[in-house]
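Residues per chain, in single letters:
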Amino acid sequence: MPLPKHVRIVEVGPRDGLQNEKQLIDIDTKVALIDCLANAGFTHIEAGSFVNSKWVPQMADSAAVFQKINRRAGVSYAALTPNIKGFERAIKANATEVAIFASASESFSQKNINCSIAESLERFKPIMQAAKAQNVLVRGYVSCVVGCPYEGDIPATKVAEVANALYKMGCYEISLGDTIGVGTPIAVNTMINTVAESIPIEKIAVHFHDTYGQAIANSYAALQLGVSVIDSSIAGLGGCPYAEGASGNVATEDVLYLLKGLNIDTGINLSAAIAAGNFISQYLGRCNSAKVARAITKAV
Ligand code: HMG
Ligand code: MG
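What you are looking at is a predicted structure, and each value in this text was computed from that prediction instead of being measured.

Draft legend 1. Main features of the coordination of the magnesium ion (ligand 2). Taken together, the protein ligands of the magnesium ion (ligand 2) are D16 (OD), H207 (NE2) and H209 (NE2), with distances of 2.0 to 2.3 Å. Along the chain, the residues that donate to the magnesium ion (ligand 2) are spaced as D-x190-H-x1-H. Within this pair, whereas D16 is found in helix α1 (residues 13-17), its partner H207 is found in strand β9 (residues 204-208), the two being separated by 191 residues in sequence. H207 carries the same exposure label as D16, and that label is buried.

Below you can see the structure in the form of structure tokens.
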């Protein structure tokens, strides 16, 4: 399979990244980060989530963040929504699109959203109905696509089953999440090939966390199968509140550098992306976790 000519980056830093930060991040800083990303050429930015703030306090102000963004034409500002209550809050805040999230692991489903996989799929039905009626695009996530912090290895057939259920429900794209970053290229290859038996490859996105340092290798493995949508997080922000020890998503700056080297277009300005990553890293009082950002910032 030839490598794709264009890759769409779904920037999840403002949601997946920041949701895991313990220190309070003020609304204006979140908005400034999102605006910097839009100005750098990102067209898909997951800007927040509408979940129970008791469980994820950092996202409690998502409505205010969505209200204050300086919206750029052609940019989709997405929100994570676990149930119809979350969907209604997201639409009220003018989210462009929403994302629902299921898991391929029963234990992770219980810990993350307090219900079984089957129950979660039932909860998503009213979201899909409301979204259809209001012409809102819905993206679907599957978590723990290679391994689970509670159950260990997860069979690819289980991932395919959940992915297919979300796709049949009407999700326009299915993002496959290696939540704890345990995957390596062969496992990822097998998993994607199994999912691609029932879902077209152009509808599959990958979402790699970098806990074991494999996310760039896994991204390349996915590209070789024809996957052309990659989720990543600026400055490698993040982790998962329900997967202890999980590190952030693959760093956007590192993915952009990989793609540039492969001559794959993204429409994103790498220098502007690095500036956005450096901005939020400085605010958080730490070094940018993206290796490419560190190398280039030092070089100039
Ligand atoms: P629950 O306790 O089962 O829900 O939580 P409930 O319906 O019984 O309601 C309990 C309380 O929550 C009620 O409030 C509801 O109003 C409230 P009370 O009456 O006690 O005051 N509530 C809500 N409040 C605000 N917004 C809502 C909402 N829904 C109910 N939407 C629920 C179920 C899913 C809500 C809860 O478990 C939750 O919020 N979990 C957080 C999940 C989360 O955000 N996880 C992190 C994101 S997923 C992720 O990072 C993985 C991903 O990146 C992919 C990957 O890496 O694999 C996507
Ligand atoms: Mg994630």
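Next comes the rest of the description.
Draft legend 2. Summary view of helix α5 (residues 106-113). Buried residues of α5: F108, S109 and I113, and no others. Seen end-on, α5 carries its buried residues on one side only, within an arc spanning 105°. Those residues of α5 that are buried are in contact with β4 (97-103), α6 (117-133), β5 (138-143) and β6 (147-148). Two or three places before S107, at the start of α5, stands the capping residue S105, its side-chain oxygen 3.4 Å from that residue's backbone nitrogen. At the exit of α5 stands N114, carrying a positive phi of roughly 65°.

Draft legend 3. Broad picture of the pairing of strand β3 (residues 76-80). The buried fraction of β3 is high, at 5 of 5 residues. As for the winding sense of the linkage, the β-α-β connection from strand β2 (residues 44-49) through helix α3 (residues 62-68) to β3 is right-handed. Pairing of β3 with β4 involves 3 bridges; the strand directions are parallel. Looking at the pairing, A79 lines up with V98 of β4.

Draft legend 4. The pattern of salt bridges, seen in detail. The tally for this structure, following the rule as stated, stands at 10 salt bridges. When the shortest N-O distance is used, the salt bridge between K68 and D28 registers 2.7 Å. Here D28 lies in helix α2 (residues 27-39) and K68 lies in helix α3, a separation of 40 residues in the sequence. The salt bridge involving R139 is made with E173; its shortest N-O contact spans 2.8 Å. Taken together, the positions of R139 in strand β5 and E173 in strand β8 (residues 173-178) put the pair 34 residues apart, joining distant regions of the chain. The exposure class of R139 is buried, given its relative accessible area of 2%. Here the salt bridges do not stand alone but share partners, grouping R8, R139, E173 and D231 into one network.

Draft legend 5. Focus on the environment of M1. With respect to the helices and strands, the residue M1 is situated in the segment before β1 (8-11). The exposure class assigned to M1 is exposed, which follows from its relative accessible area of 68%. When the C-alpha positions of M1 and V162 are compared, they lie 25 Å apart, and in sequence the two are 161 residues distant. Ignoring any residue separated from it by four or fewer positions in sequence, one finds M1 in contact with Q224, L225 and G226.

Draft legend 6. Layout of the site of ligand 1. Taken together, 26 residues surround ligand 1, and among them N52, K85, N112, S143 and T179 come closest. A distance of 3.0 Å is found between an oxygen atom of ligand 1 and a side-chain nitrogen or oxygen belonging to H209. Surface burial for ligand 1 is 74%, taken as the share of its 1100 Å² of free accessible area covered by protein chains. At the level of secondary structure, the elements contributing two or more residues to the shell around ligand 1 comprise α1, α4 (84-92), α5 and β5. A class-by-class count of the residues in the shell around ligand 1 yields 10 nonpolar, 11 polar and 5 charged.

Draft legend 7. Spatial organisation of the nonpolar core. Residues F42, V142, L176 and I192 are the most contacted members of the largest nonpolar core, which totals 100 residues. By residue number, the principal contributor to this core is α6, which donates 7 residues. The contact partners of I192, leaving out residues within four places of it in the chain, are L176, I201, V206, A222, L225 and V227.

Draft legend 8. Looking closely at unusual backbone geometry. The residue C144 is not glycine, and still its phi comes out positive at about 60°. Tracing the chain through its elements places C144 in the loop between β5 and β6. For A235, which is not glycine, the phi dihedral falls at a positive 60°. Within the element layout of this structure, A235 appears in the loop between β10 (229-232) and α10 (252-261).

Draft legend 9. Layout of the state of the cysteines. According to the stated counting rule, one finds 0 disulfides in the structure shown. No disulfide involves C148; its sulfur sits 4.5 Å from that of C144, the nearest cysteine. Taking relative accessible area as the criterion, C148 reaches 4% and is therefore assigned buried. We note that C287 lacks a disulfide partner, and the nearest cysteine sulfur, in C36, lies 19 Å from it. According to the relative accessible area criterion, C287 is exposed, its value standing at 59%.

Thresholds applied
- Residues numbered from 1 in each chain as written.
- Chains lettered and ligands numbered in written order.
- Predicted model: local features only at pLDDT ≥ 70, side-chain atom pairs only at ≥ 80, totals over all residues.
- Heavy atoms only, no water.
- Donors = N, O, S within 2.8 Å, 3.2 Å for Na, K, Ca; no water.
- Helix = DSSP H or I, 4+ residues; strand = E, 2+ residues; numbered from the N terminus.
- Buried < 20%, exposed > 50% of the residue type's maximum accessible area, 1.4 Å probe, protein only.
- Arc of directions from axis to C-beta.
- Contact = heavy atoms within 4.5 Å.
- Polar contact = N/O pair within 3.5 Å; in protein donor to acceptor, adjacent residues only side chain to side chain.
- Right-handed = clockwise from strand over helix to strand, strands pointing away.
- Pairing = 2+ DSSP bridges.
- Salt bridge = Lys/Arg side-chain N within 4 Å of Asp/Glu carboxyl O.
- Near = heavy atom within 4 Å.
- Areas by Shrake-Rupley, 256 points an atom, 1.4 Å probe, with all protein chains shown as cover.
- Nonpolar A, V, L, I, M, F, W, Y, C, P; charged D, E, K, R; others polar.
- Core = buried A, V, L, I, M, F, W, Y, C linked by side-chain atoms within 4.5 Å.
- Disulfide = S-S within 2.5 Å.

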